[in-house]
Amino acid sequence: MRSTRPVRPSRPVLPAPVAGVIGIVLALAVTLLAASPALASTYRYWSFWDGAGGTWAYATQGPSSLRPADGSVQGFHFVVSKDAADQAAPPRTAPDFASICSATAPAAGKKRIALVIDFGTPAEAQAGETPPQDAPRTACAQVGPDATTAEALAEVAKPLRYNSAALLCAISGYPKQGCGEPIADTAPTPTATDTAAKPASDGGGPSAGLLAGIAAVAALGAAALWQSRRRRAR
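Quick notes on the rules
- Residues numbered from 1 in each chain as written.
- Predicted model: local features only at pLDDT ≥ 70, side-chain atom pairs only at ≥ 80, totals over all residues.
- Heavy atoms only, no water.
- 1 Å grid on protein atoms, 1.4 Å probe; cavity = no way out; pocket = protein on both sides within 12 Å on 5 of 7 lines; lining within 4 Å.
- Points joined across faces, edges and corners; volume = space filled by probe spheres on them.
- Helix = DSSP H or I, 4+ residues; strand = E, 2+ residues; numbered from the N terminus.
- Nonpolar A, V, L, I, M, F, W, Y, C, P; charged D, E, K, R; others polar.
- Buried < 20%, exposed > 50% of the residue type's maximum accessible area, 1.4 Å probe, protein only.
- Contact = heavy atoms within 4.5 Å.
- Core = buried A, V, L, I, M, F, W, Y, C linked by side-chain atoms within 4.5 Å.
- Lys, Arg positive; Asp, Glu negative; His and termini not counted.
- Salt bridge = Lys/Arg side-chain N within 4 Å of Asp/Glu carboxyl O.
- Polar contact = N/O pair within 3.5 Å; in protein donor to acceptor, adjacent residues only side chain to side chain.

(A) Focus on the layout of surface pockets. Here the second largest pocket is characterised by a volume of approximately 210 Å³. If you go around the second largest pocket, you meet 13 residues; those closest to its centre are Trp46, Phe48, Pro63, Leu167 and Leu168. The element contributing the most residues to the lining of the second largest pocket is strand E1 (residues 42–50), with five residues. Of the residues that constitute the lining of the second largest pocket, the class distribution is ten nonpolar, three polar and no charged.

Below is the structure:
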């Protein structure tokens, strides 16, 4: 006896060549978008570093929550960068606890935290401001056993300034204004040769070449799909 159950229509399946082309189109579009430097933002801010093992590494916690152990080295560097740890430069002084805290004797019920504060260079400063000093500043903070890095920093580098989101904005009053806002790209001004060799761009989004590339691969996918439908209609 034949079954009377209705047969569900199968879902339409794209032919393998078309599916492959569409996959290539999507992959190329994602690659082109990811490669566009115009989509990145540049920031001026105080980056925070951990000097464990004598090597600077970008801190994974903020200074207000991190509670470093006795003998730790913590660093701060005022920088201009695009994506934090991938682009930001560490402090320009090595994280050497022994040399920074050599003049501070251990005390019962206290811990010593070595701090490196790099105010950056004049080129990284905000308009109208100058770093308080050229070379990085070092200090040894002696604080309670549960103190955070922010509390240790407050012992040696007041005044500190934070915004409403607890982001560290200023150390020793520098800078006087601003707090990690995105800024204009700092790329050098193109020379006459560069200007003649490269098309103009407004810098506000994907370049004309990027958009043209995406349009080209999209057109390729559409053409392949049309050809497949035409063959099936014959």
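(B) Structural detail: the environment of Tyr43. Within the secondary structure layout, Tyr43 lies in strand E1. For Tyr43, a relative accessible area of 32% translates into the label partly exposed. Spatially, the C-alpha atoms of Tyr43 and Glu181 are 5.9 Å apart, while their sequence positions differ by 138 residues. Aside from chain neighbours lying at most four places away, what touches Tyr43 is Val79, Val80, Ser81, Lys82, Gly180, Glu181, Pro182 and Ile183.

(C) Seen up close, the nonpolar core. Residues Trp46, Phe76, Leu115, Ile117, Leu153 and Ile171 are the most contacted members of the largest nonpolar core, which totals 20 residues. Within the residue set of this core, elements represented by two or more residues are E1, strand E3 (72–81), strand E4 (111–118), strand E5 (137–143) and helix H3 (149–156). Setting aside residues up to four positions removed in sequence, Ile171 forms contacts with Trp46, Phe76, Ile117, Phe119, Leu153, Ala157, Pro159 and Leu160. Residues Tyr45, Ile100, Ala114 and Cys140 belong to the second largest nonpolar core, which totals twelve residues.

(D) Main features of the side chain of Arg44. Secondary-structure assignment places Arg44 in strand E1. Buried and without a salt bridge, Arg44 has Glu181 as its closest oppositely charged side chain, separated by 7.1 Å. A distance of 2.7 Å separates a polar side-chain atom of Arg44 from the backbone oxygen of Glu124. Residues contacting Arg44, with those up to four places away along its chain left out, are Phe78, Val79, Val80, Glu124, Ala125, Gln126, Gly180, Glu181 and Ile183.

(E) Representation of empty space enclosed by the protein. Summed over all chains, the structure comprises one cavity of 30 Å³ or more. For the largest cavity, the calculated volume is near 60 Å³. Around the largest cavity, the lining residues are Arg44, Tyr45, Trp46, Phe78, Leu167, Leu168, Cys169, Pro175, Gly178, Cys179 and Gly180. If you list the elements that add at least two residues to the lining of the largest cavity, you get E1 and strand E7 (168–170). The biggest single contributor to the lining of the largest cavity is E1, with three residues. Tallied by class, the residues present in the lining of the largest cavity amount to eight nonpolar, two polar and one charged.

(F) Geometry of the pattern of salt bridges. A full pass over the atoms with the stated rule returns one salt bridge. One salt bridge connects Asp118 with Arg92, and the closest N-O pair in it is separated by 2.7 Å. Linking Asp118 in strand E4 with Arg92 in the loop between E3 and helix H2 (97–100), this pair joins segments that are 26 residues apart in sequence. Residue Asp118 is classed as buried on the basis of its relative accessible area, which comes to 0%.

(G) Here's a closer look at unusual backbone geometry. With an omega dihedral of -5°, the bond running from Lys158 to Pro159 counts as a cis peptide bond. With respect to the element layout, Pro159 can be found in the loop between H3 and strand E6 (161–162). Here Tyr174 and Pro175 are connected by a cis peptide whose omega angle stands at -5°. On the secondary structure map, Pro175 appears in the loop between E7 and strand E8 (182–183). The backbone of Ala166 sits at a positive phi, close to 65°, despite the residue not being glycine.

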